[in-house]
Amino acid sequence: MAGQTLYDKLWQQHVVETRDDGTALLYIDRHLIHEVTSPQAFEGLRLAGRKPWRLDANLAVPDHNVPTDSAERAGGVEAIADPVSQLQVRTLDDNCADFNIVEFAINDRRQGIVHVVGPEQGATLPGMTVVCGDSHTSTHGALGALAHGIGTSEVEHVLATQCLITRKMKNMLVRIDGQLQRGVTAKDVVLAVIGRIGTAGGTGYAIEFAGEVVRDMSMEGRMTMCNMSIEAGARAGMVAVDDTTLDYVRGRAYAPADDQWEQAVAAWRELHSDADARFDRVVELRGEDIAPQVTWGTSPEMVLPVDALLPQPDSLASASACESARRAFEYMGLEPGTAITDIRPDRVFIGSCTNSRIEDLREAAAVVRGKRVAASIKQALVVPGSGEVKAQAEAEGLDRVFIDAGMEWREPGCSMCLAMNADKLGAGEHCASTSNRNFEGRQGFGGRTHLVSPAMAAAAAVAGHFVDVRNWQEETQ
Amino acid sequence: MKSFTVHKGVAAPMDRANVDTDLIIPKQFLKSIKRSGFGPNLFDELRYLDEGQPGQDCSGRPLNPDFALNQPRYAGASVLLARENFGCGSSREHAPWALDDYGFRCVIAPSFADIFFNNCFKNGILPIALDADTVERLFQAMYAQEGFALEIDLPAQVIRTPAGEDIAFEVESFRKHCLVNGLDDIGLTLESAGAIRDFEAAHRQRAPWLFDRIR
Ligand code: SF4
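Please read all numbers here as calculations on a predicted model, not as lab measurements.

This next bit is on helix H7 (residues 186-197) of chain A. All names here are of chain A. When the terminal C-alpha atoms of H7 are compared, their 17 Å separation across 12 residues agrees well with the 16 Å that a helix rising 1.5 Å per residue should span. Counting buried positions along H7 yields 10 of 12 residues, so the element is predominantly enclosed. By the burial criterion, the buried members of H7 are Ala186, Lys187, Asp188, Val189, Val190, Leu191, Ala192, Val193, Ile194 and Ile197. Where H7 ends, the next residue or the one after it, Gly198, has phi of about 85°, a positive value.

Below, the structure written as structure tokens:
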């Protein structure tokens, strides 16, 4: 019998029962909750007279609607200017109070984007099944967990039963061997993967990221990669447990301690694919081949190396790709054949659950240190992923670096990643963004998003157009 | 949940690939704490010429005349014909809620994004994946004939076209069972409460650190 993949092991450890048609009842260890996808689930529980199955499996935090402007934020929930946003955040507070669920409320230092908060607090751990009513739950797979997004009916289902009715996915291995070039980051790697397999390439699969490049990556980098598995169509992305994982988890607030730590580590050491495990699909990339990436269109698969020219729609493989490209050019207000480095962002956004961790902020700060944002940039926002990240960045003086460069240093939240709060693009504006989706209108009605790494976003802020960060030091000396 | 047995209705096109959930229901409408009322904002950015706001009365908004659902021939449509990777992007269940609220009971496409596909079943909507050629044929037949309606027979797993053709489709037996009978998943799962408790006790033995830390 062939060995098991990491995903096979995580799956097997959580199956309560399997039904005749292949669906299974999967036990859920951690359920993360935010304000947007939970109100209707709590309402459903109430209507049916049900209670949460297990309180200590849940953790809630408001993130999508919270203002990031310090003045508006200081007043707490009552001060949220948009009444509809305010009601949604308040509803989460009320539901958590009613049902006795632990919540990091708006101005708790531990508050932040749910996918930054989970790992940071040790609330998500290796070997867990983790779900949340949010597709970027895939992020938590970086810890060697099975983590994926669910819909609101499933939020209610998990609250009521601690289980999910689901079916096993197929296994995909994405292996990146070799070494990354200087200035190339996890974000570039995952964008290159999406460029290769497309936004539907991972549909029906759980992806395991492996290879030398992933082994060498920090936990922050692995989270960035797993975060965007969903942009490759895969609900779940994951990385095997190694010393990097254990070093990251040790000492976190909700992580096991003392005797339990040793016991946990012994179990976690098994969380890797066996040498003879079989994958349904294998995709291989070389680290050296990956350049900094920039998306130019309205789907994350419309991505190119920074030194490329925008494609000619006619040259694309299929009629539907050609049609999509034409539509994207029109929406983005761009011409085929334009050099990516000639694209001039109007705004810059550094943040989101993809790239708002401390390492991301360090990378961005290293690029802007001692420089000024270009006059043509209307706004450059830096939004830390959590209160903890914010405090750490301030302790390192990164906030000063950004402010001195002419950037805005904000309070933690989702912010301009999806523009549910006041942080938005204007119609027609281009944005160099470290977030994960460049769909039409994602960052504001008519807004035009270019997905990039934090270093690339920071460099674009200073230069006023996209630049190849691989040459950044030389260019500015 | 509403049950789905046999449904006949006018088909309407969403003729582009990779329709994402932001396009199905833009984020400003996700601020609602209710499950209903999303119908007027389905495909909001394509359907209207202005930017929609939550809570707004949509009856006076300028319509985009080029958008299919605004054309009289597709009025009252309840079957949506779509292209590959329909429903990609976020996990928002507001997408099927909006389709349902508008009146769609069935979406037919060559392929769907996983989470969206799953969310449809939870809301009484039947997503049917057919091979791309068959979907293309349905598109052509729909464009050729005003009032083109399809009959979807879930128990028999066939789509009947006006020309009298029967197109078979696949659906998982458990999902079909729930949809045909309008069953609530939670009630069904709670029938296994004993098994869940047994699993939980063994799981706690194996991995005690997963319990009692967040309180
Ligand atoms: S940062 Fe963006 S992608 Fe991440 S959870 Fe928030 S809105 Fe979703």
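Now that the structure is up, let's keep going.
What follows covers the nonpolar core. Core analysis: the largest hydrophobic core is formed by 111 residues, its most contacted members being A:Phe402, B:Phe43, B:Phe86, B:Leu99, B:Ile108 and B:Ile152. Here the element with the most residues in this core is helix H16 (residues 454-463) of chain A; it accounts for eight residues. Each residue touching B:Ile108, except ones within four places of it in the same chain, is listed here: B:Val79, B:Leu80, B:Leu81, B:Ala82, B:Ile128, B:Leu130, B:Val135, B:Leu138, B:Leu150, B:Ile152 and B:Ile159. With 87 residues, the next largest nonpolar core counts A:Trp11, A:Ala142, A:Ala236 and A:Met238 among its residues.

On to the domain arrangement of chain A. Reports often express the size of an interface as the amount of accessible area lost when the parts come together. Residue and element names in this part refer to chain A. Along its sequence, chain A is carved into domain 1 (1-291) and domain 2 (293-475). Taken over C-alpha atoms, the centre of domain 1 sits 24 Å from the centre of domain 2. Counting from both sides, the interface comprises 49 residues of domain 1 and, opposite them, 46 residues of domain 2. For the domain 1 and domain 2 pair, buried surface summed over both sides reaches about 3800 Å², with 54% attributable to carbon and sulfur atoms.

This next bit is on the pairing of strand E9 (residues 205-210) of chain A. Every other side chain in a regular strand lies on the same face of the sheet, so the side chains alternate between the two faces. All names here are of chain A. In terms of residue burial, E9 counts as a mostly covered element, since six of its six residues are buried. Burial of E9 is two-sided: the residues Tyr205, Ile207 and Phe209 facing one way and the residues Ala206, Glu208 and Ala210 facing the other way are all buried. Across six bridges, strand E8 (residues 170-177) lies against E9 in parallel orientation. By the bridge assignment for E9, Val174 is matched with Phe209. Taken together, E8, H7 and E9 constitute a β-α-β crossover, and its handedness is right-handed.

Criteria and thresholds
- Residues numbered from 1 in each chain as written.
- Chains lettered and ligands numbered in written order.
- Predicted model: local features only at pLDDT ≥ 70, side-chain atom pairs only at ≥ 80, totals over all residues.
- Heavy atoms only, no water.
- Helix = DSSP H or I, 4+ residues; strand = E, 2+ residues; numbered from the N terminus.
- Expected span 1.5 Å × (residues − 1).
- Buried < 20%, exposed > 50% of the residue type's maximum accessible area, 1.4 Å probe, protein only.
- Core = buried A, V, L, I, M, F, W, Y, C linked by side-chain atoms within 4.5 Å.
- Contact = heavy atoms within 4.5 Å.
- Domains from an automatic or database assignment.
- Buried area = accessible area lost by both parts, 1.4 Å probe.
- Pairing = 2+ DSSP bridges.
- Right-handed = clockwise from strand over helix to strand, strands pointing away.

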